[in-house]
Amino acid sequence: MATRSRRSANDATATLLMVGTTKGAFVFRTDDRRRWTMSGPHFRGSSIYAMACDARGPRPRLWASTDSPHWGANLATSDDLGATWAVPTEALVKFPEGSGLSLKRIWQIATDGAANPDQLYCGVEPAALFQSTDRGRSWSPVLGLLEHPHRRQWAPGGGGLCLHTIVRDPTNARRMLVAISTGGVYRTDDAGRTWRARNVGVRAQFLPDKHPEFGQCVHKVVHHPARPERLYLQNHWGLYRSDDWGDTWHDIARDVPSDFGFAMAMHPHDPDTVYILPLESDMFRCVPEAKLRVYRTRDGGGSWQALSRGLPQEGAFETVLRDAMGADAGEPAGIYFGTRSGKLFGARDGGMSWTLIAGGLPPVVCVKAATLAAPAQAATRSAAAAHRATGSALRARGRTGKQVAATQRRSSGARARSIGKRARTSARSAR
Amino acid sequence: MAVRVVLPSVLQPLAAGTGVLELDPAPATVGGVMRAIRARWPGVYDRVITETNEVRPHVNLFVGQEIVRKHQGLDAPVADGSEVYILPAVSGG
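Residues numbered from 1 in each chain as written. Chains lettered and ligands numbered in written order. Predicted model: local features only at pLDDT ≥ 70, side-chain atom pairs only at ≥ 80, totals over all residues. Heavy atoms only, no water.

### Quick notes on the overall build of chain A
Stage number 1. In terms of helices and strands, chain A carries 4 helices and 32 strands.
Stage number 2. Within the span of chain A, comprising 431 residues, buried residues form 62% of the whole.
Stage number 3. Residue pairs in contact within chain A that sit at least 24 positions apart in sequence constitute 54% of those at least 6 positions apart.
Stage number 4. Entry remark: accessible area of chain A is about 15900 Å², with carbon and sulfur atoms responsible for 49%. (Helix = DSSP H or I, 4+ residues; strand = E, 2+ residues; numbered from the N terminus. Buried < 20%, exposed > 50% of the residue type's maximum accessible area, 1.4 Å probe, protein only. Contact = heavy atoms within 4.5 Å. Areas by Shrake-Rupley, 256 points an atom, 1.4 Å probe, with all protein chains shown as cover.)

Next up, the structure:
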């Protein structure tokens with residue numbers, strides 16, 4: 001996720017966009033949020049549903065979940081901002097023998113939580129939460145959720161039975177909230193030992209009982225670390241806010257063309273500002289009226305305004321999925337989203353005006369932004385040079401245990417190219 | 001006699017770069033072949049077999065020219081001197 005400190009345009013920063021698609025990962029980088037370079041595709045042919053930047057260590061580490069149609073799912077890391085990647089020889093995220101479950105996909109990687117920088121979580125399909133306490137060298141399932149009595153009644157949504165959202169409390173390391181399609185929202189207040197369904201007020205349009213205890217198809221939940229108890233939820237029909245860590249939810253779908261949608265992104269600096277991208281309906285998952293519009297609230301869901309400058313307003317049969325929208329930590333904030341038709345849009349003014357950063361990508365399923373400070377960039381460049389010189393820096397340092405598949409390293413950085421001019425040209429035609 | 005297991009190129013880095021694994025003595029079944037692979041080349045095993053001990057849906061195993069999915073699956077017998085092929089199915093990303 002994006003680092004949360006404010007960074008003005010004058011600070012020496014780089015912005016990184018990690019874009020996961022159904023055919024590989026792309027990493028976009030810029031120093032001014034105008035001209036971007038791109039590397040990729042990394043993991044050619046694999047679906048990349050989750051990416052993350054862990055900025056807690058001495059240098060940023062990128063994470064990507066790789067899902068090969070043939071060879072299964074895995075987690076990969078890069079310590080040089082995506083130039084090269086390390087893929088573990090053995091799959092690190094595995095269900096225990098006897099559980100009757102096998103990993104299909106990793107949907108979310110959570111790298112936040114300053115209290116313990118070695119701690120990571122990932123959400124997977126079939127719905128489960130895995131935890132690492134050694135910075136990703138080993139993973140184990142959170143048993144309180146794996147063995148939850150509701151599990152047998154959870155059912156797969158269109159994307160599968162997935163745990164796709166992880167929301168941590170920056171003020172209380174024992175509290176965490178997850179969202180499952182279809183299972184709903186669950187919260188733990190005891191570090192994962194027990195979990196309670198937290199869906200009061202959230203409807204399940206597709207069930208005979210429209211307000212069950214659990215079973216909702218929640219698509220995304222976001223919050224702001226400065227006001228962690230206030231949550232925003234994009235549902236499979238429904239747009240909600242909670243001011244009590246999910247104990248109760250209230251409808252905030254006013255002034256939106258549809259309350260169906262997937263993507264939702266939190267403003268990096270303002271707990272009252274949230275972005276969504278409504279879709280017409282579950283039966284026609286394209287933007288309403290074929291107009292590509294982001295909707296923004298600046299008053300905690302009291303009202304929503306369309307943001308469309310620079311976005312196509314006719315013939316845009318576009319779909320934006322649950323993790324395909326994100327924000328950087330710039331000032332003003334940069335907002336980004338990718339479409340299922342392979343377009344990547346960005347706005348470096350909080351969403352007021354949009355440009356096409358890239359088109360022609362494979363279907364986009366994940367967009368994550370990170371704002372990196374200059375010292376980290378310098379450290380990373382140095383590390384990357386050393387890495388390439390040794391061919392297997394991670395193994396040499398012995399830091400990653402099983403992550404020794406040096407022969408699997410992908411080196412796609414050489415393919416980085418400037419796309420600023422092309423993007424600007426494409427953006428004009430998109431208007 | 002041994003069993004030879006032929007790997008696709010994408011899995012060879014997980015077996016120290018070799019394209020053919022020699023298993024001697026020969027396991028009696030395809031499941032035995034996979035268990036022997038797990039002991040020595042766990043990365044190859046993970047790419048082929050799930051946690052619930054099933055062949056991944058888009059991976060095919062052959063004993064000679066016979067695809068085992070249509071017969072006894074992992075219980076399919078393997079004779080001394082057989083060749084077992086691990087191949088990606090006709091699908092892709």
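### Let's talk about the overall build of chain B
Stage number 1. For chain B, the helix and strand inventory stands at 2 helices and 5 strands.
Stage number 2. Element order for chain B, N to C, with α for helix and β for strand: β-β-α-α-β-β-β.
Stage number 3. Taken against the 2.2 N^0.38 rule, which gives 12 Å for 93 residues, the C-alpha radius of gyration of chain B at 12 Å falls within 12% of a compact globule.
Stage number 4. Here chain B holds 93 residues, and 46% of them are scored as buried. (Rg over C-alpha atoms; globule rule 2.2 N^0.38 Å.)

### Quick word on the sheet that holds strand β28 (residues 344-347) of chain A
All names here are of chain A.
Stage number 1. Pairing within the open sheet is antiparallel, and its 4 strands lie in the order β25-β27-β28-β29. Both outer strands of the open sheet, β25 (325-327) and β29 (355-358), are each paired with one neighbouring strand and no more. Strand-to-strand twist of the sheet, defined as the mean angle between neighbouring strand axes without regard to direction, takes the value 25°.
Stage number 2. The pairing of strand β27 (residues 335-338) with β28 spans 4 bridges and is classified as antiparallel. Within β28, the position partnered with Tyr 336 by the bridge is Gly 346. (Pairing = 2+ DSSP bridges. Axes fitted to C-alpha atoms, helices over the stretch in contact; angles between N-to-C directions.)

### A few points about unusual backbone geometry
Peptide bonds are, in most cases, trans, and in most cases residues other than glycine have a negative phi.
Residues and elements named next belong to chain A.
Stage number 1. Cis geometry is found at the peptide bond from Gly 40 to Pro 41, where omega equals 5°.
Stage number 2. Relative to the elements of secondary structure, Pro 41 occurs in strand β4 (residues 37-42).
Stage number 3. Of note in the backbone geometry, Arg 33 takes a positive phi value of approximately 60° without being a glycine.
Stage number 4. In this structure, Arg 33 sits in the loop between β3 (24-30) and β4.

### Digging into the confidence of the model for chain B
Residues and elements named next belong to chain B.
Stage number 1. When pLDDT is averaged across chain B, the result is 94; 98% of the residues are at 70 or more.
Stage number 2. Model confidence for chain B, summarised as mean pLDDT per element, is weakest for strand β4 (residues 66-67) at 94 and strongest for strand β1 (residues 3-6) at 98.
Stage number 3. For this predicted complex, the interface confidence score (ipTM) comes to 0.91, while the overall pTM stands at 0.88. (pLDDT = per-residue confidence, 0-100.)

### Considering the side chain of Asp 259 of chain A
Residue and element names in this part refer to chain A.
Stage number 1. Considering the arrangement of structural elements, one finds Asp 259 in the loop between β20 (250-251) and β21 (260-266).
Stage number 2. Here Arg 203 takes part through its side chain, which lies 3.4 Å from a polar atom of the side chain of Asp 259.
Stage number 3. Contact partners of Asp 259, with chain neighbours within four places excluded, come to Arg 203, Gln 234, Asn 235, Trp 237, Gly 238, Leu 239 and Ala 253. (Polar contact = N/O pair within 3.5 Å; in protein donor to acceptor, adjacent residues only side chain to side chain.)

### Overview of the environment of Gly 81 of chain B
Stage number 1. Structurally, Gly 81 of chain B is set in the loop between β4 and β5 (83-88).
Stage number 2. Separated by 55 residues in the primary sequence, Gly 81 of chain B and Ala 26 of chain B have C-alpha atoms spaced 7.8 Å apart.

### A short note on the sheet that holds strand β12 (residues 140-141) of chain A
All names here are of chain A.
Stage number 1. Pairing is antiparallel in the open sheet, where 4 strands are placed in the order β9-β10-β11-β12. The sheet is open, and its two edges are formed by β9 (105-110) and β12, each paired on a single side.
Stage number 2. Here strand β11 (residues 128-132) runs beside β12; their pairing, made up of 2 bridges, is antiparallel. Residue Gln 131 lies in a different strand from β12, and its bridge partner there is Ser 140.

### Observations concerning the interface of chain A and chain B
Stage number 1. With 22 residues of chain A at the contact, the number on the chain B side is 24 residues.
Stage number 2. Put simply, Lys 94 of chain A and Asp 46 of chain B hold a salt bridge, and the shortest N to O gap is 3.1 Å.
Stage number 3. Classifying every residue of the side of chain A that touches chain B gives 9 nonpolar, 9 polar and 4 charged. (Salt bridge = Lys/Arg side-chain N within 4 Å of Asp/Glu carboxyl O. Nonpolar A, V, L, I, M, F, W, Y, C, P; charged D, E, K, R; others polar.)

### Digging into the nonpolar core
Stage number 1. In terms of nonpolar packing, the biggest core is built from 44 residues, with Leu 17, Phe 28, Phe 337, Leu 344, Trp 354 and Leu 361 of chain A touching the most fellow members.
Stage number 2. Ignoring sequence-local partners within four residues, the contact set of Leu 17 of chain A consists of Phe 26, Val 27, Phe 28, Trp 36, Tyr 336, Leu 344, Ile 357, Val 367, Lys 368 and Ala 369 of chain A.
Stage number 3. Val 3, Val 5, Ala 76 and Val 84 of chain B belong to the second largest nonpolar core, which has 28 residues in total. (Core = buried A, V, L, I, M, F, W, Y, C linked by side-chain atoms within 4.5 Å.)

### Overview of the environment of Pro 41 of chain A
Stage number 1. Accessibility expressed as a relative area gives 18% for Pro 41 of chain A, which makes it buried.
Stage number 2. Separated by 14 residues in the primary sequence, Pro 41 of chain A and Val 27 of chain A place their C-alpha atoms 8.3 Å from one another.

### What about helix α1 (residues 30-40) of chain B?
Since there are 3.6 residues in each turn of an α-helix, residues three or four apart along the chain are aligned in direction.
Stage number 1. For α1 of chain B, the set of buried residues is Val 30, Gly 31, Gly 32, Val 33, Met 34 and Ile 37 of chain B.
Stage number 2. Contacts from the buried residues of α1 of chain B go to β1, β2 (20-23), α2 (42-48), β3 (59-63) and β5 of chain B.

### Things to note about the confidence of the model for chain A
A low pLDDT score tells you not to read the predicted coordinates there in detail.
Residue and element names in this part refer to chain A.
Stage number 1. Residues at a pLDDT of 70 or more form 84% of chain A, whose mean pLDDT is 87.
Stage number 2. With pLDDT under 50 throughout, residues 1-5 is counted as low confidence; its partners more than four residues away or in other chains account for 19 contacts.
Stage number 3. Below pLDDT 50 for its whole length, residues 378-431 participates in 103 contacts with residues either more than four positions away or in separate chains.

### What to know about the packing of aromatic side chains
Stage number 1. Applying the stated criterion to the full structure yields 11 aromatic pairs over all chains.
Stage number 2. Arg 105 of chain A extends its terminal NZ or CZ atom over the ring of Tyr 49 of chain A, reaching a point 3.9 Å from the ring centre. (Phe/Tyr/Trp six-rings, centres within 6.5 Å; stacked < 30°, edge-to-face > 60°. Lys NZ or Arg CZ within 6 Å of the ring centre and 35° of its normal.)

### Some details on the environment of Lys 291 of chain A
Residue and element names in this part refer to chain A.
Stage number 1. Locating Lys 291 in the fold gives a position in the loop between β22 (274-279) and β23 (294-297).
Stage number 2. Of the residues examined, Lys 291 reaches a relative accessible area of 28% and is grouped as partly exposed.
Stage number 3. Lys 291 sits 89 residues away from Val 202 along the chain, and the two C-alpha atoms are 28 Å apart.
Stage number 4. If we skip the residues at most four places from it in the chain, Lys 291 touches Pro 312, Gln 313 and Ala 316.

### Observations concerning the side chain of Arg 322 of chain A
All names here are of chain A.
Stage number 1. You can see Arg 322 is positioned in the loop between β24 (305-307) and β25.
Stage number 2. There is no salt bridge for the buried Arg 322, and the closest opposite charge comes from Asp 323, which lies 5.7 Å off by N-O distance.
Stage number 3. Reaching out from Arg 322, the side chain makes a polar contact with the side chain of His 164 at a distance of 3.3 Å.
Stage number 4. Of the polar contacts made by the side chain of Arg 322, one reaches the side chain of Ser 181; its length is 3.5 Å.
Stage number 5. Once you skip the residues sitting within four places of it in the chain, Arg 322 turns out to touch Trp 107, Cys 162, His 164, Ser 181, Val 218, His 219, Lys 220, Phe 262, Ala 263 and Met 264. (Lys, Arg positive; Asp, Glu negative; His and termini not counted.)

### Considering the pairing of β27 of chain A
All names here are of chain A.
Stage number 1. Here β27 shows no split at all, with Ile 335 and Phe 337 on one side and Tyr 336 and Gly 338 on the other all buried.
Stage number 2. As judged from the 3 bridges shared by β25 and β27, these two strands associate in the antiparallel manner. Each residue of the ladder has a partner; that of Met 325, found in β27, is Phe 337.
Stage number 3. Between β27 and β28, which follow one another and run antiparallel, lie 5 residues, and Gly 342 among them has a positive phi close to 90°.

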